[in-house]
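Next come the chains, spelled out residue by residue.
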Amino acid sequence: MRFALLIAIVETAKEDEAIAVAKASGAGGVTTLKGTGVGLNEKKTFFGLTYERAESILLFVLEKRASIKVMKALKRELKLDAEGKGMVMSLPIEHLAGIAPSQLAVFEEKLKAEKEI
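Residues numbered from 1 in each chain as written. Predicted model: local features only at pLDDT ≥ 70, side-chain atom pairs only at ≥ 80, totals over all residues. Heavy atoms only, no water.

Asks: Describe the overall build of the protein chain, listing the residues and the values that go with them.
Replies: On a plain count of helices and strands, the protein chain comes out with 3 helices and 6 strands. Counting from the amino terminus, helix and strand elements in the protein chain follow one another as β-α-β-β-β-β-α-β-α. Considering the protein chain as a whole, with its 117 residues, one finds that 26% of them fall into the buried category. The long-range share in the protein chain, meaning contacts at least 24 apart out of those at least 6 apart in sequence, stands at 76%. Here the protein chain displays about 8,200 Å² of accessible surface, and carbon together with sulfur accounts for 57% of that area. (Helix = DSSP H or I, 4+ residues; strand = E, 2+ residues; numbered from the N terminus. Buried < 20%, exposed > 50% of the residue type's maximum accessible area, 1.4 Å probe, protein only. Contact = heavy atoms within 4.5 Å. Areas by Shrake-Rupley, 256 points an atom, 1.4 Å probe, with all protein chains shown as cover.)

If you want it as structure tokens, here you go:
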């Protein structure tokens, strides 16, 4: 079984929506990180204070085919094609440890169900 790390970077206000979309598309658990985004344009300032947009970084470990399905759903539902709405990407995982056998069984069952359809 091949795995991928799916990374979604979204506005913090969209974090719950992104997690709901991902779970509805087949994702299980998620690790969230907080970050700030700086675009290509100059930073906005207000009375000497610099505005940096708060972002959430969502990390999903998924079976490779499931990661593509979740990525497409996130792109569509969060309209990530629009400028400044966020991004989603995946990276292949070469080695993996720490996934519970019960979670591996869930991945295998989903793969079997998809093959039967």
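Asks: Residues and numbers for the side chain of Glu-63, please.
Replies: The residue Glu-63 is located in strand β5 (residues 53-63) in this model. On the basis of relative accessible area, Glu-63 is assigned to the buried category, the value being 7%. Those residues in contact with Glu-63 that sit more than four places away from it in its chain are Met-1, Arg-2, Phe-3, Phe-107 and Leu-111.

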